[in-house]
Amino acid sequence: MPLHHAVLALLTQRPNHGYELKARFEEAIGPQWGGLNIGHLYQILERLVRDGYVSRSQVAQTDRPDKYLYTLTGAGEAELRSWATTPWVRVGGFRDELFLKLLGACALGPQALNTLIESQRQTYLSELAGLAQQRRAHADEPLVAVLIDAAVAHTKADLGLLDSAAQHLDPLAATQGARTPDRTRSRSRSRADDGAGGTAEAGARGVVRGERSEPA
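How each quantity is defined
Residues numbered from 1 in each chain as written. Predicted model: local features only at pLDDT ≥ 70, side-chain atom pairs only at ≥ 80, totals over all residues. Heavy atoms only, no water. Salt bridge = Lys/Arg side-chain N within 4 Å of Asp/Glu carboxyl O. Helix = DSSP H or I, 4+ residues; strand = E, 2+ residues; numbered from the N terminus. Buried < 20%, exposed > 50% of the residue type's maximum accessible area, 1.4 Å probe, protein only. Phe/Tyr/Trp six-rings, centres within 6.5 Å; stacked < 30°, edge-to-face > 60°.

Before going further, it helps to spend a moment on the pattern of salt bridges. This model, assessed by the stated rule, comprises nine salt bridges. A salt bridge links aspartate 163 to arginine 121, with the shortest nitrogen-to-oxygen separation between them at 3.1 Å. You can see aspartate 163 sitting in helix α7 (residues 142-179) and its partner arginine 121 sitting in helix α6 (residues 110-137), a full 42 residues away along the chain. The class of aspartate 163 is partly exposed, set by a relative accessible area of 45%. Judged by its relative accessible area of 18%, arginine 121 is buried. The salt bridge involving arginine 135 is made with aspartate 149; its shortest N-O contact spans 2.7 Å. In this pair, arginine 135 is assigned in helix α6 and aspartate 149 in helix α7, connecting sequence segments 14 residues apart. Judged by relative accessible area, which is 28%, arginine 135 ranks as partly exposed. What emerges from the salt-bridge pattern is a single network uniting Arg47, Arg50 and Asp51.

And the structure:
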């Protein structure tokens, strides 16, 4: 539960109420992670209080409603230390939609595969340009800079993957594309046949009813 532990990390510095935690999280992590939903944050805080990792106290305010102040407990600090000092292990595999797109493009043949790879390449290059701007804007924020550097590294690795995909999947796309029926051409022939058949059928009905076509 990484967000739970991030909240514990923020509370090591000082007690906070919900909106302060939201602002501090977004400032510490930066734009690459995205905003933290306040409703989700309060669910996290409720669970941390229930588990004994955080205590909650009510603070009276004269000009606005009372607020709740959240404080890290000894158990919470121990939990944070255990989590923060052990390695992260990937458990879900790599579930990137790009791999499913490569599956679909291969099934359609080499032209579709090349179109996907080149358009994806341009997308990654645009992302790198945007990340470079973010990196300059957050040069004085160490944690944000690290996260942006990670995004740059991932995007560069994804660019390399496209070269690997083109090399390995071109033969497969050629084989599968040759086996794929040309449904577009089949539909065109079918519509032409339907049109010719419809005209012949209409003419036949006219003959049956004794109708004649007058010459122009």
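Once that is clear, we can look at the packing of aromatic side chains. Under the counting rule described, the total for this entry stands at one aromatic pair. Aromatic pair tyrosine 19 and tyrosine 42: ring centres 6.4 Å apart, planes at 70 degrees, arrangement edge-to-face. Residue tyrosine 19 is located in helix α2 (residues 18-29), and its partner tyrosine 42 is located in helix α3 (residues 38-50); the two are separated by 23 residues in the primary sequence. Taking the relative accessible area as the measure of exposure, tyrosine 19 reaches 51% and is therefore exposed.

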